[in-house]
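Overview (structure and organization)
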Amino acid sequence: MKNIFYPIIALLLTTWSCKNVLDIDDLNSLDESKVWSDSNLVKAYVTNLYPLFGNWSSGADNNSEQLIGIAFPLDAVTVNNTAYKAWDYTTIRRINTAIQKVKENTTLSANFKNSIISQALFMRAYMYFNMVKYHGGVPYITAPQDLEKDDLETPRNTTKECFEFIIKDLDEAIALLPPTIPKSSADYGRIDGNFAVAFKAKVLLYKASPQFNPANPYDNAYWADAHVANKAAYDRLKANGYSLTTDYANIALQEKGPEVVFAVINAYPNKVAAWDNGVRPGSESRGAAGAVPSWDFVKAFPMKDGRLFSDPAGKYYKSDAAFLQSYWENRDPRFDKSIVWNGKLYEVSGKAGKRQYTAVGIAADLDNFGVNPKANTPSENLNRYSGFFILKNSKLSLKQTEVETQYDVDYVLMRFAEVMMNYAETANETGDFNTALDILKQIRMRAGIEAGADGKYGIVATNRIQMRDAILAERNIEFCFEGHRFWDLRRSGKLSVLNNTTKYGVEAIAINSNGTEMDLEAAAALAKTYQLRENQFKYSVLQVPNTGNKVNLVPDKYYFFPIAQSVIDKNPKIIQNKDWGGSFDPTIQ
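Conventions adopted
Counting starts from 1 at the beginning of each chain's written sequence and moves along it residue by residue. For this predicted model, a pLDDT threshold of at least 70 governs which residues receive local features, and a threshold of 80 or more governs which side-chain atom pairs are given and counted, while totals over whole chains, interfaces and linings are taken from all residues. Values reported for side chains reflect all heavy atoms of the structure, with hydrogen atoms and water molecules removed beforehand. Under the DSSP-based scheme used, a helix requires at least four consecutive residues in state H or I and a strand at least two consecutive residues in state E, with every element numbered from the N terminus. Radius of gyration: C-alpha atoms only; globule rule: 2.2 Å multiplied by the number of residues to the exponent 0.38. Burial classes follow relative accessibility: with a 1.4 Å probe on protein chains only, a residue under 20% of its type's maximum area counts as buried, one over 50% as exposed, and anything between as partly exposed. Contacts are assigned to residue pairs with any non-hydrogen atoms lying within 4.5 Å of each other. The protein chains shown are the only cover counted for residues, whose accessible areas, like all others here, come from Shrake-Rupley with a 1.4 Å probe. The charge count treats Lys and Arg as positive and Asp and Glu as negative. His and the chain ends do not count. Every charge is mapped onto a representative atom, which is NZ of Lys, CZ of Arg, CG of Asp or CD of Glu. To estimate how far a helix should extend, the number of its residues minus one is multiplied by 1.5 Å. UniProt positions are given in the numbering used here, feature names are shortened, and annotations may be inferred rather than shown by experiment. Each axis is a line fitted through C-alpha atoms, and for a helix only the stretch in contact is used; angles between axes span 0 to 180 degrees, taken between their N-to-C directions. Should an angle fall under 35 degrees it is called roughly parallel, over 145 degrees roughly antiparallel, and 65 to 115 degrees roughly perpendicular, with every other angle called oblique. In this scheme the handedness of a crossing depends on how the near helix is turned from the far one: anticlockwise by less than a right angle means left-handed, clockwise means right-handed. Amino acids outside the nonpolar list (Ala, Val, Leu, Ile, Met, Phe, Trp, Tyr, Cys, Pro) and the charged list (Asp, Glu, Lys, Arg) are all regarded as polar, and Gly is one of them. Basic side-chain nitrogens of Lys or Arg form a salt bridge, by our definition, when they fall within 4 Å of a carboxyl oxygen of Asp or Glu. In protein, a polar contact requires one atom able to donate a hydrogen and another able to accept it; more generally it is a pair of N or O atoms within 3.5 Å, and residues adjacent in sequence count only if both atoms are side-chain atoms. The set of buried Ala, Val, Leu, Ile, Met, Phe, Trp, Tyr and Cys residues whose side-chain atoms join them within 4.5 Å is what this entry labels a nonpolar core. To pair, rings of Phe, Tyr and Trp, with the six-membered ring standing in for Trp, must have centres within 6.5 Å; the planes then decide the type, stacked if under 30 degrees apart, edge-to-face if over 60, and tilted in the middle. Think of it as a cone above the ring: NZ of Lys or CZ of Arg counts as a charge over the ring if it is within 6 Å of the ring centre and within 35 degrees of the ring normal.

Examining the overall build of the chain
Helix and strand counts for the chain come out as 17 helices and eight strands. Against the compact-globule benchmark of 25 Å for 589 residues, the chain has a radius of gyration of 25 Å, which places it among compact chains. With the principal axes as the frame, the chain shows a C-alpha extent of 85 × 55 × 50 Å. Counting across all 589 residues of the chain, residues that qualify as buried make up 56%. Long-range pairs, those at least 24 residues apart, make up 73% of the contacts in the chain with a sequence separation of at least 6. In the form shown here, the chain has an accessible surface area of approximately 23800 Å², with 50% of it arising from carbon and sulfur atoms. Charged side chains in the chain number 66 positive and 67 negative. The centres of these two groups are separated by 2 Å.

Remarks on helix α13 (residues 433-447)
Taking 1.5 Å per residue, 15 residues should reach 21 Å; α13 reaches 21 Å between its end C-alpha atoms and fits that length. Its buried side turned inward, α13 meets α11 (333-336), β6 (411-415), α12 (416-429) and α14 (464-478). Where α13 ends, the next residue or the one after it, G448, has phi of about 100°, a positive value.

Some remarks on the UniProt feature "domain: RagB/SusD" (unreviewed entry) in the chain
UniProt marks residues 270-580 with the feature "domain: RagB/SusD" (unreviewed entry), using the numbering shown here. Counted over residues 270-580, helix gives 28% and strand 10%. Its end C-alpha atoms are 44 Å apart.

Let's talk about the packing of helix α6 (residues 193-208) against helix α7 (residues 222-239)
Helix-helix packing is characterised by the crossing angle of the two axes and by the distance between the axes. Contact geometry of α6 with α7 gives a least axis separation of 8 Å together with a crossing angle of 155°. Between α6 and α7, the crossing angle belongs to the class labelled roughly antiparallel. Crossing of α6 over α7 shows left-handed handedness. Touching G193, N194, V197, A198, A201, K202, L204, L205, K207 and A208 of α6 are Y222, W223, D225, A226, A229, N230, A233, R236 and L237, all from α7. Of the residues contributing to the contact of α6 with α7, the split by class is twelve nonpolar, three polar and four charged.

Thoughts on the pattern of salt bridges
The tally for this structure, following the rule as stated, stands at 38 salt bridges. Linking D171 and K200 is a salt bridge whose minimum nitrogen-to-oxygen distance equals 2.7 Å. Pair noted here: D171 is in helix α5 (residues 159-176) and K200 is in helix α6, with a separation of 29 residues, a long-range link. Owing to a relative accessible area of 35%, D171 belongs among the partly exposed residues under this scheme.

Re unusual backbone geometry
Most peptide bonds adopt trans geometry, and most residues besides glycine take a negative phi value. The peptide bond linking Y268 to P269 adopts the cis configuration, its omega dihedral lying at 5°. Its location among the elements puts P269 in the loop between β1 (260-264) and α8 (275-279). In this model, V544 is joined to P545 through a cis peptide bond whose omega is -10°. The residue Y84 is not glycine, and still its phi comes out positive at about 60°. Y84 sits in the buried class, given a relative accessible area of 18%.

Observations regarding helix α4 (residues 110-135)
Compared with the 38 Å implied by 1.5 Å per residue over 26 residues, the 37 Å span of α4 between its first and last C-alpha is a close match. Most of α4 sits inside the fold, with 21 of its 26 residues counted as buried. Of the residues flanking the end of α4, it is G136, one or two places downstream, whose phi is positive at about 85°.

Concerning the UniProt feature "domain: SusD-like N-terminal" (unreviewed entry) in the chain
Per the UniProt record, the feature "domain: SusD-like N-terminal" (unreviewed entry) sits at residues 76-183. For the annotated span residues 76-183, helix accounts for 56% and strand for 0% of the residues, and the straight-line distance between the end C-alpha atoms is 42 Å.

Quick look at the side chain of R355
With respect to the helices and strands, R355 occurs in strand β4 (residues 355-356). Take R355: its relative accessible area is 12%, and that puts it in the buried class. When neighbours within four sequence positions are excluded, R355 is seen to be in contact with G343, K344, L345, Y346, Y530, L532, R533 and E534.

Overview of the side chain of T47
Here T47 lies in helix α2 (residues 39-47). Polar side-chain contacts of T47 include one of 2.8 Å to the backbone oxygen of K43.

A word on the nonpolar core
Within the largest apolar cluster, 162 residues are counted, with the highest numbers of intra-cluster contacts made by F53, F122, F195, Y327 and I362. It is α4 that provides the largest number of residues to this core, a total of 15 residues. Excluding anything up to four places from it in sequence, Y327 contacts W295, V298, F335, W341, N342, F388 and Y539.

Considerations on the packing of aromatic side chains
On inspection of all chains with the given rule, the structure shows 51 aromatic pairs. Ring centres 5.3 Å apart and planes at 70° place the aromatic pair F212 and F560 in the edge-to-face group. Within this pair, whereas F212 is found in the loop between α6 and α7, its partner F560 is found in the loop between β8 (537-544) and α17 (565-570), the two being separated by 348 residues in sequence. Using a relative accessible area of 0% as the deciding quantity, one classes F212 as buried. Accessibility expressed as a relative area gives 6% for F560, which makes it buried. Here F537 and Y539 contribute two aromatic rings whose centre-to-centre distance is 6.4 Å and whose plane-to-plane angle is 40°, an arrangement assigned as tilted. Residues F537 and Y539 agree in their burial class; the two are buried. By the ring-pair criterion, three or more aromatic residues cluster together here, those being Y50, F53, F122, Y126, F129, F195, F199, Y206 and F262. One Lys or Arg, K557, reaches over the ring of W580 and ends 4.2 Å from the middle of that ring.

As for the packing of α12 against α14
Orientation of α12 relative to α14, taken along the N-to-C sense of each, is 165°, at an axis distance of 9 Å. The angle between the axes of α12 and α14 places the two elements in the roughly antiparallel class. Every pair of crossing elements has a handedness; the one defined by α12 and α14 is left-handed. Between α12 and α14, the residues in contact are A417, E418, M421, N422, A424, E425, N428 and E429 and R464, M467, R468, I471, E474, R475 and E478, respectively.

Rendered as structure tokens:
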């Protein structure tokens, strides 16, 4: 049985209040001497902070080219709207309250106090890192402010100072955290030293990145610090038994697997997530899918030899036209484990032999995509679908009636593959090309890509610049739909990949063996018993969405998002970022 950290904690508080402790903005409404001296209440307080780590989101990569949709229309981000703002000082105050009150307490055991303080320190660093990632430097407040007595007009710390404070908090947390929480422990799902060390290494990778050092993106001194930290994290976790899950399909579905560095625990019925409800075709869910892959991303997956379909030197080279009609053949095995396409075997909801169709006139109304004029009913999905669905991390055993309430796969926030790829990146930028190459080979070996005669799994990079691009491309595939891509492009100084881009889907129309279009009624009858295969269709590319704004606009000023004007109105000491009308430099140069 899974241990859930955030059920109804209010049960612990019935003798003090009918309210959940996190619903109380000011703990003075309780008898603080009792709250902060009771280990159960203190543990409940910190436990109820854990939702800050999030949970599964089918739209985690909405900002990237992986999914359809225009995340950045004109003026998507302004100083006056709420989009792309991270300014959560309510949670910071709760964290600071825990740190201060537990430190002041004289009755709790030293070990218990260290456990609480270390978790809270990590959470503070985690929260501030997220804010810095969005905006650059922010006010780094380390004590709960008194709304009546304290000066609340706190200026922003520099971005460099914020990184230093984040690392300081993480170092203090690491010194107090248990080095490893066994996956058999009742405390599994809490922060341990392994996660903290790996996260610190990630923070230093960001600090060294082009996003924060645009004038000296790859030769600044911070890369050396990042490499030391990332090598240490990789070595430590490997020594502690972390490794790649054998089958890529099981990176999350195999809960508590060897690759999981930190997971948010889900368990039906107390705590569930909405992943399957967001990614499944509508006929197998509780409504239309909320996130679907783009044709652009389908093309980005390598072939089985690790090279792109368009690489003339590749074993599986195809022209654009030929590839469109056979895109599912001879692909990187991660493609088969991540994407659902028209005609693919998709044995969802316990339906043996089921194939998924997307063709108009054949597929269910909540599944179809296309403009086939011969169809009696046109598709209503031309603005939200692409002809593809997400398979990755889907719990296929769930029935249609269960997807909304019973998806309880643990949310993997960090896995060992990320630790490996972060290490590869810093190794490459500090002159250790061979280590970077070896890690990419390990990732591709696990994926099932062919080694090739040279044993390089299709990796053609021979220098630092080429390896840099290879790592970024590999991350795009390895971490697909996990919410990494936009942030990877942003910290790498490559937002231009997304700027002025359009997105596309693929329509399928059933054909006879001679290439003529099949009668739709006959095709629908065959589809009912799953007799139509993907090669019994012809395919064409359609732009999505088909109406309204069709272009992503991601200007350079999006490397740092603005502080909300409402924040500045309340605190005039907050200076706006320089690309948004202010003079604050969010870089660390």
